[in-house]
Amino acid sequence: MTRLRDAFPVLATCVYLNSNSTGAFPRDAARVLAAYGEGLMRWRDEAWEDWLAALRRYHAGVERLLGRRPAR
């Protein structure tokens, strides 16, 4: 449980109960958002390849979580 809490810096200073609004911001989200911003500044069609690959990995993870076979 400590490792999971460490992913959310705000949890080091409080018990965060405002999840109906924005939720606790995870540490890794800043890195992901920065990479997204960099991609937008370079805006190239190749960016779609990375985004679609990430979306496919996400879908596969949800399918595994639900015990489903990949839809492909």
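Keep in mind that this is a model prediction, so the values were computed, not measured.

*Asks:* Give me the lowdown on the overall build of the chain, citing residues and values where you can.
*Replies:* Across its full length, the chain holds three helices and zero strands. Along the chain direction, N to C, the helices and strands of the chain fall in the order α-α-α. Taking 72 residues into account, the globule formula puts the C-alpha radius of gyration at 11 Å, and the chain, at 16 Å, lies well above it. By principal-axis analysis of the C-alpha atoms, the chain measures approximately 40 × 40 × 25 Å. When the accessible surface of the chain is split by element, carbon and sulfur atoms take 59% of a total near 6,700 Å². Positive and negative side-chain charges in the chain, numbering 12 and 8 respectively, have mean positions lying 9 Å apart.

*Asks:* Kindly report on helix α3 (residues 46-65), identifying the contributing residues and their values.
*Replies:* In this model α3 runs 29 Å from its N-terminal to its C-terminal C-alpha over 20 residues, within 8% of the 28 Å that 1.5 Å per residue would give. Every buried residue of α3 is listed here: Ala 47, Ala 60 and Glu 63.

*Asks:* Any chance you could break down the environment of Leu 4 for me, citing the residues and the numbers?
*Replies:* Secondary-structure assignment places Leu 4 in helix α1 (residues 2-6). Separated by 22 residues in the primary sequence, Leu 4 and Pro 26 place their C-alpha atoms 9.7 Å from one another.

*Asks:* Summarise the packing of aromatic side chains; cite the residues concerned and give the values.
*Replies:* What characterises a pair of aromatic rings is the spacing of the ring centres plus the angle enclosed by the ring planes. In the structure shown here, the tally under the stated rule is one aromatic pair. Taken together, a centroid distance of 5.6 Å and an interplanar angle of 40° make the contact between Tyr 36 and Trp 51 tilted. Of the two residues, Tyr 36 sits in helix α2 (residues 27-42) while Trp 51 sits in helix α3, which places them 15 residues apart along the sequence. Residue class for Tyr 36 comes out partly exposed when judged on its relative accessible area of 43%.

*Asks:* Quick one: what's the story with the environment of Ala 47, residue by residue and with numbers?
*Replies:* Along the chain, Ala 47 turns up in helix α3. By relative accessible area, which is 11% here, Ala 47 ends up buried. Sequence separation between Ala 47 and Tyr 36 is 11 residues, and the spatial gap between their C-alpha atoms is 9.2 Å.

*Asks:* So what's going on with a nonpolar patch on the surface? Which residues, and what values?
*Replies:* A contiguous nonpolar surface patch, about 1,100 Å² in accessible area, is contributed by Tyr 36, Leu 40, Trp 43, Trp 48, Leu 52, Leu 55, Tyr 58, Val 62, Leu 65 and Leu 66. Contributions of two or more residues to the nonpolar patch are made by α2 and α3. Per-element accounting of the nonpolar patch gives the leading share, six residues, to α3. Within the secondary structure, Trp 48 is located in helix α3.

Reading the values: rules and limits
- Residue indices begin from 1 for each chain and proceed along its sequence in written order.
- Thresholds applied to this predicted model are a pLDDT of at least 70 for local features of residues and 80 or more for the giving and counting of side-chain atom pairs; totals over whole chains, interfaces and linings are not thresholded and use all residues.
- By convention in this description, side-chain values take in all heavy atoms of the structure and omit both hydrogens and water.
- Helix and strand definitions here come from DSSP, where helices need a minimum of 4 consecutive H or I residues and strands a minimum of 2 consecutive E residues; each element is numbered from the N-terminal end.
- Atoms counted for the radius of gyration: C-alpha only. Globule rule: 2.2 Å times residue count to the power 0.38.
- Here, Shrake-Rupley sampling with a 1.4 Å probe gives the accessible areas, and only protein chains in the shown set may cover a residue.
- His is not counted, nor are the chain ends; Lys and Arg add positive charge and Asp and Glu add negative charge.
- For charged residues, the charge sits on one atom: NZ in Lys, CZ in Arg, CG in Asp, CD in Glu.
- Under the convention used throughout, the expected extent of a helix is 1.5 Å for every residue step, that is, one less than its residue count.
- The rule is simple: take the accessible area with a 1.4 Å probe, protein chains only, and divide by the maximum for that residue type; under 20% is buried, over 50% is exposed, in between is partly exposed.
- Two rings from Phe, Tyr or Trp (for Trp, the six-membered ring) form a pair when their centres are within 6.5 Å of each other. A pair whose planes differ by under 30 degrees is stacked, one over 60 is edge-to-face, and the rest are tilted.
- Candidate patch residues must exceed 30% relative accessible area and have no salt bridge, after which like charges are joined if within 9 Å and Val, Leu, Ile, Met, Phe, Trp or Tyr side chains if within 5 Å.
- Basic side-chain nitrogens of Lys or Arg form a salt bridge, by our definition, when they fall within 4 Å of a carboxyl oxygen of Asp or Glu.

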